[in-house]
Amino acid sequence: MPGRQIPSFSFSEQLPIIAFDFSDRKGDAMPVDFNLIKATSTDPSLFINREEDVETLKRLLRRALKDTETDDARGILVKGDSGVGKSILSRKVVSELALEFTPKLMVWSVDGGRLSGSRGLLNRLTDVAHEEIQKLGHKELAKLSAVVAQAADYGKVTSSDVSSISKELSAMGKIAGGILGMFTGESSLGWKRTTTKGGTETFEILITEEYLAKLISRLLEAVKYFGFQVLIFLDNLDRIGRMDSQEDANTIAELVKQLLELPDCVLVINLRSQFTHHTTDRRELTHRVIKGLKPEALMEILKQRLTAASLTEEEQNQLAQLPLQEIADKFSRLTDNPLAFLRWLDFWLVQTHNRPDNLGRDFRDFIEQNFTGVDLKWLKKAIQELQTAKDSGLSDAPLTTLQKAQLLKLERAGTVVPDSLLLDPTERRYRLIHDLDFLFDSEFAKALN
């Protein structure tokens, strides 16, 4: 049984595969059954291209890390379409800066896509802070971060908890005062008087979002006191919860405002373009727009992922029999979005019979699997209007042939993307989600029939 190995592919202008002549083939091939493309992976080791963006982000963040005393350079807002590469780019930059500034820089990294609401994000941030501080082996800071993380987790602090916290932190002196002060006195946020079953008067403090943000601020001040720096990386900030309405856009704007009030840290925030609310356009953040890639860059990404794949000899032979070069070249000319490009290839490899002459029918299945419940007649109308705009050199258009309810259903199905969530749907301009860019091609448009 052959063991796993790294394929020794040699790249020039071709992919590391062999084209297959379908005239010699008997029947359809079976789909491949291994995870080759890893379309959604944002592992920095898979990063390729965008060297200029990497150097620009590093330069901006170095400047921010060296000047945390002013409000003019608090961090970077990385924005762009879904799937354009914000996450893998930011992770690459942050991981390299962490090595460059070690051991004095801590990175507190939180993925909003796995959380629920602003409170979920703040809670996770306290957990990450405690985990990273524990890695330092710094006992005083670890005690402080444990108090903050536990308060966030429990949601309230009782009078007996305050007594225990005071005993734990009192020996630390002045540096613990900032956090201890949050738990003393009736003026504390969320403080309220309670009575036990036995009639004893006591109190508790509810850990509201505002209260938790202040606790995190006191922790950051302590971190600075001990000579460390913090870079807070918030990926997919716009994916906390459902996040598809005007109310959600306002929530994101308020959260960004709250995060910018945290002292003694530098922020890297990733947002999809439609969530770039006017209140996030603040002087404390430098905006960096990430754009799509040319066909040759997309092909380089595929080559890199094929090289990184750990395949058995049998899997390599199976892959070599597929017309992947032909299909990848076609896909790379239908979109500039890396994630869409990789998703299509992954779908074609794993869930079709890998024929190049059946793409329209195959990708109808792609639509049905990834856009559940979408009305194809409405989508077809949207495509027609967007195609007209595209022919005129525009990337978006108002969808005037559709009613408000139809527009909202297409939005919520994830098929079209508004330019802003602040306008009424009938006033918005729309573009097609990049995962469906193939529908602008006549061969694939058959998927809507």
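Above this text sits the structure in question.
Let me sum up the structure you'll find in this document.

Reading the values: rules and limits
- Residues numbered from 1 in each chain as written.
- Predicted model: local features only at pLDDT ≥ 70, side-chain atom pairs only at ≥ 80, totals over all residues.
- Heavy atoms only, no water.
- Axes fitted to C-alpha atoms, helices over the stretch in contact; angles between N-to-C directions.
- Helix = DSSP H or I, 4+ residues; strand = E, 2+ residues; numbered from the N terminus.
- Left-handed = near helix turned anticlockwise from the far one by under 90°.
- Contact = heavy atoms within 4.5 Å.
- Nonpolar A, V, L, I, M, F, W, Y, C, P; charged D, E, K, R; others polar.
- Buried < 20%, exposed > 50% of the residue type's maximum accessible area, 1.4 Å probe, protein only.
- Pairing = 2+ DSSP bridges.
- Arc of directions from axis to C-beta.
- Polar contact = N/O pair within 3.5 Å; in protein donor to acceptor, adjacent residues only side chain to side chain.

### Quick look at the packing of helix 11 (residues 324-332) against helix 12 (residues 338-351)
Each pair of packed helices gets described by two things: the angle between the helix axes and the distance between those axes.
Line of reasoning, step 1. Taken N-terminus to C-terminus, the directions of helix 11 and helix 12 make an angle of 145°; their axes are 10 Å apart at the nearest point. Between helix 11 and helix 12 lies a crossing of right-handed hand. Side by side, helix 11 and helix 12 meet where Leu 324, Ile 327, Ala 328, Phe 331 and Ser 332 of the first sit next to Phe 341, Trp 344, Leu 345, Trp 348 and Leu 349 of the second.
Line of reasoning, step 2. Each residue belonging to the contact of helix 11 with helix 12 can be placed in one class, and the counts come to 9 nonpolar, 1 polar and no charged.

### Topic: the environment of Leu 36
Line of reasoning, step 1. Locating Leu 36 in the fold gives a position in the segment before helix 1 (51-66).
Line of reasoning, step 2. Sequence separation of Leu 36 and Ser 310 is 274 residues, and the distance between their C-alpha atoms is 8.4 Å.

### With respect to the pairing of strand 2 (residues 105-111)
Line of reasoning, step 1. The buried fraction of strand 2 amounts to 6 of the 7 residues, a majority that puts the element mostly inside the structure.
Line of reasoning, step 2. Direction of pairing for strand 2 relative to strand 6 (residues 229-235): parallel, over a ladder of 7 bridges. Looking at the pairing, Val 107 lines up with Leu 231 of strand 6.

### Quick look at helix 5 (residues 159-169)
Line of reasoning, step 1. Where helix 5 is concerned, the buried positions are Val 162, Ile 165 and Leu 169. Taken down its axis, helix 5 places every buried residue within 60° of arc, on the same side.

### Let's talk about the side chain of Glu 315
Line of reasoning, step 1. Note on placement: Glu 315 falls in helix 10 (residues 313-320).
Line of reasoning, step 2. Residue classification places Glu 315 among the buried positions, given a relative accessible area of 11%.
Line of reasoning, step 3. At 2.9 Å, the side chain of Glu 315 forms a polar contact with the backbone nitrogen of Thr 312.

Limitation: the analysis is restricted to geometry and does not speak to function.
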